[in-house]
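Descriptive structure summary
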Amino acid sequence: MAASEQRQPGELLAKARRAFLEEFGAEPELAVSAPGRVNLIGEHTDYNEGLVLPMALELGTVLVGSPRADGLISLLTTSEDADEPRRLQFPLPTTQRPLEPGAPHWANYIKGVIQHYPAAPLPGFSAVVVSSVPLGGGLSSSASLEVATYTFLQQLCPDSGTIAARAQVCQRAEHSFAGVPCGIMDQLIALLGQKGHALLIDCRSLETSLVPLLDPKLAVLITNSNVRHSLGSSEYPLRRRQCEEVARALGKESLREVQLEELEAGRELMSGEAFRRARHVVGEIQRTARAAAALSRGDYRAFGRLMVESHHSLRDDYEVSCPELDQLVEAALSAPGVYGSRMTGGGFGGCTVTLLEASAASLVMQHIQGQYSGTATFYLSQAADGAQVLRL
């Protein structure tokens, strides 16, 4: 079974240029791209100031456009999964009249970045968005769009901030315009991804280190359950609140500062459910550090075991998995050539990530689809580069 066809940046760019010409009657002057990401391990740790180990994907978002002199912003998305309307126009924000979130939902990520962009003066512009990152699949279509937007705005009006500051603007856009209290991981990997490497991110210090993922005998398989989720729903903010409450009960700034022994000792200060949530996070931070070390030394079996531990913890303690994700993980783990598999992303649907021998990929995909009660979509991806300006 072949992996789902992946549009390379060149194909996405050609599609975006055609759509722009058709919509605006001229060729675009500027083009940028930003990748989606898959988190190999370190789930629900980023907003707890923990460690995460994502890699940028060959799936991504391309944004093309041109400045305009009338102070208007005109947007079009080609995504069939985006909510209507797929085109809209609005004036540049002013101090008296800031941008506000509203319908359509997909445009809120763009509006949020425009509203929080630190440099001025921004001109009006026309732009077309084309993406190969599945919406709601846990591969961070949102951060891909935010970072592409930021990179595009830099071409119109250069900023002077650090990469961390740019990531924080995009994160703030998601908090205030999409209502999702996400951590900083997705925006950082979309900016800092490097071909052939995963990126270990310390979400407390924002320090990053590249972890090689160059072995041609190794493959990363992403399996989309095609069960959609919305992180803006009540469960994601509830998990975050529970983590913050446990940290406070233990007198800590965040769960990053908590050891498992301290958590066990303070068990009576919290509900059983809150204890389990925190146990996942504290254990996952430790697993991520061990996993990065295992990958660095080429110990794929150890890495795979940690992936499976991560999935069980997400399923049993954090309770963000679902029957479809559990089924996909079990199917992958029963196939020859698989080192490890786990759910990835926020949960309640979306994708699994599987580390496997590259030579086994085709048979593993067949095996998973044969075992899965739904219809899975597969993406085989190498670790890709972060955001970039594209030549037209």
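Use the structure listed above.
An account of the accompanying structure is given in this report. Predicted, not measured: the structure shown is a model, and the values here were computed from it.

A word on the pairing of strand E2 (residues 51-68)
The buried fraction of E2 is high, at 15 of 18 residues. Where strand E1 (residues 30-41) and E2 come together, 10 bridges link them in antiparallel fashion. Counterpart to valine 38 in the pairing with E2 is methionine 55. Bridge count between E2 and strand E5 (residues 124-131): eight bridges; the pairing is antiparallel. The residue of E5 that forms the bridge with valine 64 is valine 128.

Some words on the packing of helix H9 (residues 300-316) against helix H10 (residues 323-333)
Pairs of packed helices are described in terms of their axes, by the angle between the two and the distance that separates them. Contact geometry of H9 with H10 gives a least axis separation of 12 Å together with a crossing angle of 160°. The orientation of H9 with respect to H10, classified from their angle, is roughly antiparallel. In the crossing of H9 with H10, the sense of the turn from one axis to the other is left-handed. Along its contact with H9, which presents Val308, His311, His312 and Arg315, the element H10 presents Leu325, Asp326, Val329, Glu330 and Leu333.

Examining the environment of alanine 120
Along the chain, alanine 120 falls in the loop between helix H2 (106-116) and E5. You can call alanine 120 exposed: its relative accessible area is 67%.

Focus: the environment of cysteine 170
Structurally, cysteine 170 can be placed in helix H4 (residues 163-178). The spatial distance from the C-alpha of cysteine 170 to the C-alpha of glutamate 146 is 5.7 Å, given a sequence separation of 24 residues. Once residues within four sequence positions are removed from consideration, cysteine 170 is found in contact with Val113, Glu146, Val147, Tyr150 and Gln187.

Concerning the packing of aromatic side chains
In this structure the tally under the stated criterion is five aromatic pairs. Positioned above the aromatic ring of phenylalanine 90 is the side chain of lysine 111, whose terminal nitrogen or guanidinium carbon lies 5.5 Å from the ring centre. The residue whose ring lies beneath arginine 267 is phenylalanine 275, and the NZ or CZ to ring-centre distance is 3.9 Å.

Overview of helix H6 (residues 235-249)
Here H6 contains 15 residues, and its C-alpha end-to-end distance of 21 Å stays within 8% of the 21 Å for a straight helix at 1.5 Å per residue. All of the buried residues in H6 are Tyr236, Arg239, Arg240, Gln242, Cys243, Val246 and Ala247. Down the axis of H6, the sector holding all buried residues measures 160°, keeping them to one side. In the core, the buried residues of H6 are packed alongside H4, helix H7 (260-265) and helix H8 (272-296).

Some details on the side chain of serine 144
Along the chain, serine 144 falls in helix H3 (residues 141-156). Since its relative accessible area comes to 0%, serine 144 is described here as buried. A polar contact of 2.7 Å, which involves the side chain of serine 144, links it to the side chain of threonine 61.

Here we look at the pattern of salt bridges
Per the counting criterion, the structure on display carries 21 salt bridges. In this structure, glutamate 262 and lysine 252 form a salt bridge, with 3.0 Å as the shortest nitrogen-oxygen distance. In this pair, glutamate 262 sits in helix H7 while lysine 252 sits in the loop between H6 and H7, placing the two residues 10 residues apart along the sequence. Here glutamate 262 falls in the partly exposed class, since its relative accessible area comes to 31%. The partner of arginine 277 in a salt bridge is glutamate 273, and the shortest N-O contact between them spans 3.4 Å. With a gap of four residues between them, arginine 277 and glutamate 273 both fall in helix H8, about one helical turn apart.

Thresholds applied
- Residues numbered from 1 in each chain as written.
- Predicted model: local features only at pLDDT ≥ 70, side-chain atom pairs only at ≥ 80, totals over all residues.
- Heavy atoms only, no water.
- Buried < 20%, exposed > 50% of the residue type's maximum accessible area, 1.4 Å probe, protein only.
- Helix = DSSP H or I, 4+ residues; strand = E, 2+ residues; numbered from the N terminus.
- Pairing = 2+ DSSP bridges.
- Axes fitted to C-alpha atoms, helices over the stretch in contact; angles between N-to-C directions.
- Parallel < 35°, antiparallel > 145°, perpendicular 65-115°, else oblique.
- Left-handed = near helix turned anticlockwise from the far one by under 90°.
- Contact = heavy atoms within 4.5 Å.
- Phe/Tyr/Trp six-rings, centres within 6.5 Å; stacked < 30°, edge-to-face > 60°.
- Lys NZ or Arg CZ within 6 Å of the ring centre and 35° of its normal.
- Expected span 1.5 Å × (residues − 1).
- Arc of directions from axis to C-beta.
- Polar contact = N/O pair within 3.5 Å; in protein donor to acceptor, adjacent residues only side chain to side chain.
- Salt bridge = Lys/Arg side-chain N within 4 Å of Asp/Glu carboxyl O.

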